[in-house]
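Structural overview
What follows is the residue order along each chain.
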Amino acid sequence: MIDIALIRNDTDGVKAALKKRGCDADLNGILGLDAKRRDIIGRTETLKAEKNKVSADIPRLKKAGENVEPIFKRMRELGDQISANDEQLKTVEEQLRHELLCLPNLPDPDVVAGDKESNAVIKVWGKKPEFAFPIKNHVELCESLHLIDYERGVKLAGNGSWLYTDRGAVIEWALLNYFIKTHIKDGYTFILPPHMLNYECGLGAGQFPKFEDDVYRVETAEGGAARRFMLPTAETALVNIYRGEILQEKDLPKKLFAYTPCYRKEAGSYRAEERGMIRGHQFDKVEMVQVTTTDQSKAAFEELVGKACALVEGLGLHYRLSKLAAGDCSASMARTYDIEVWIPSMGIYKEVSSVSNANDYQARRNMTRYRTADGKIDYVHTLNGSGLATSRILPAIVEQYQNADGSVTVPEVLREFVGASLLL
RNA sequence: GGAGAAGUACCCAAGUGGCUCAAGGGGCUCCCCUGCUAAGGGAGUAGUUCGGUAACACGGAGCGCGGGUUCAAAUCCCGCCUUCUCCGCCA
């Protein structure tokens, strides 16, 4: 959520920043609601002050045997006006809050305007593997090596679902273990959160109210009160852990990571060329999150990018790192770097990690704050990064590590978990 | 899922309509006394949030959350959430 005071004081600056991501927001409408809100509050509070004052006198007057009827009459009038104002205020505040919740984050100053085509590759690691034989794509490899059962996955859950079988499951699990082991070694705290979250989590992370249709809803009871949704990423859970809390500066940064499957509708996104595990309704991901002070935020971002890169490098996969243009960053984020790994059969790079800094955007939505050493209160910054999405790494591994005989070499770092160096 | 009880500030806790715009205690902060320690005496202690201000001042909200009744609600009524105890079900 963008600070209303900033919108008020630097309307043009906010407008220009939003424009970078292609958002033409109606800030005048918001400013109008804001002015209206403060006007109502001002008038209502004057009435409330009078009411409190008069009310305090009543017991004394009553005791003295004075006629309090005229006072009751005045109190009734005040009460009526106050409740009328309060009702109006409630409407205005709901509208204003909704408008503010729908505004995307402001991109950082150094994030360039434009969409995907303005993304900038800032690092390339390794080289495209060259093959002296006709290569297979990951679907062929996973089928021939019996790592994945696509057909039965569809039988069980429909299009966009698959089963990891036998060594396929072992590899997937090995990847998760490799990531988890690394994060623990780096001093991050391992979290296994609930997969069904309440509405406030979606609101706080920034998925709601605008992107409610992208997640799976779970009705756990009749009516709406107990409604939950399946988390689309562990970030949604992790950035809400401290929701509504005031943390101590000395306890920051919080460095967390979680493993969860991610559940996404991906409505309309499923394309023929994204067969296999490139895009599914459920995929595994280890997610890193940092909750930091304002000052720690930049360094934390670099740290998360570095960690994500190190994991891919550890696997020996050729990848590139891109800094996304404003329009390609997701709505909650001020900056995002993507790690894209080379998929030989597709001849393109596919995202396996996305590292982002929300600055205080999520913290303002879910009221996560910290008290500084000198007693001031400020919003935390929240950052997140995949570390990593295994379900996209596995296709990259089998394709990049494939051999002429159809076997796949197991990356060094996974061998301790897989117990083999070659998949035949 | 059923029955019962509870939710008050950093913690414990009093409080069934106005002398409570929340008593008392603990803790914490400061002061006094005591050469150290123990003990004692005194003062302060509602965090937060919203409006307002250049900043103060000042004012509003706030007793789990949301409504309602009333001139007036921590207190009465309704809905919800959470916790505890017992029962049921269950990996």
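Residues numbered from 1 in each chain as written. Chains lettered and ligands numbered in written order. Predicted model: local features only at pLDDT ≥ 70, side-chain atom pairs only at ≥ 80, totals over all residues. Heavy atoms only, no water.

Our next topic: a nonpolar patch on the surface. On the surface, I184, F190 and L192 cluster together into a nonpolar patch covering about 300 Å² of accessible area. You can call L192 exposed: its relative accessible area is 62%. (Patch = residues over 30% accessible without salt bridge, like charges linked within 9 Å, V, L, I, M, F, W, Y side chains within 5 Å. Areas by Shrake-Rupley, 256 points an atom, 1.4 Å probe, with all protein chains shown as cover. Salt bridge = Lys/Arg side-chain N within 4 Å of Asp/Glu carboxyl O. Buried < 20%, exposed > 50% of the residue type's maximum accessible area, 1.4 Å probe, protein only.)

Turning next to the domain arrangement of chain A. Interface size is commonly expressed as the accessible area that is lost once the parts come together. Per the domain assignment, the segments of chain A are domain 1 (4–101) and domain 2 (116–418). When each unit is reduced to the centre of its C-alpha atoms, the spacing between domain 1 and domain 2 is 43 Å. With five residues of domain 1 at the interface, the matching set in domain 2 holds 10 residues. Per-residue buried area on domain 1 facing domain 2 is highest for R21, R97 and L101; these three make up 81% of the total on that side. On inspection of domain 1 and its partner domain 2, the count reaches zero salt bridges. Scanning the region where domain 1 abuts domain 2 turns up four residue pairs in polar contact (both at pLDDT 80 or more). (Domains from an automatic or database assignment. Contact = heavy atoms within 4.5 Å. Buried area = accessible area lost by both parts, 1.4 Å probe. Polar contact = N/O pair within 3.5 Å; in protein donor to acceptor, adjacent residues only side chain to side chain.)

Across the nine residues that make up strand β12 (residues 335–343), a large majority, nine, are buried. Summarising the sheet, strand β11 (residues 319–323) and β12 pair through five bridges and their orientation is antiparallel. Within β12, the residue paired with L321 across the bridge is I339. Once β12 ends, the chain turns through four residues before running back antiparallel as strand β13 (residues 348–357), passing G347 with a positive phi of about 65°. (Helix = DSSP H or I, 4+ residues; strand = E, 2+ residues; numbered from the N terminus. Pairing = 2+ DSSP bridges.)

One can find L6 in helix α1 (residues 4–9). Distance from L6 to D338, taken between C-alpha atoms, is 29 Å for residues 332 residues apart in sequence. The contact partners of L6, leaving out residues within four places of it in the chain, are T11, V14 and L106.

A few words now on the sheet that holds strand β15 (residues 377–379). What the three strands build is an open sheet, ordered β8-β14-β15; its pairing is mixed. Two strands bound the open sheet, and with one partner strand each, they are β8 (246–248) and β15. In this sheet, adjacent strand axes meet at a mean angle of 35° when their direction is disregarded. Here three bridges tie β8 to strand β14 (residues 369–371), and the two strands are oriented parallel to one another. Bridging across to β14, I246 finds its partner in R369. (Axes fitted to C-alpha atoms, helices over the stretch in contact; angles between N-to-C directions.)

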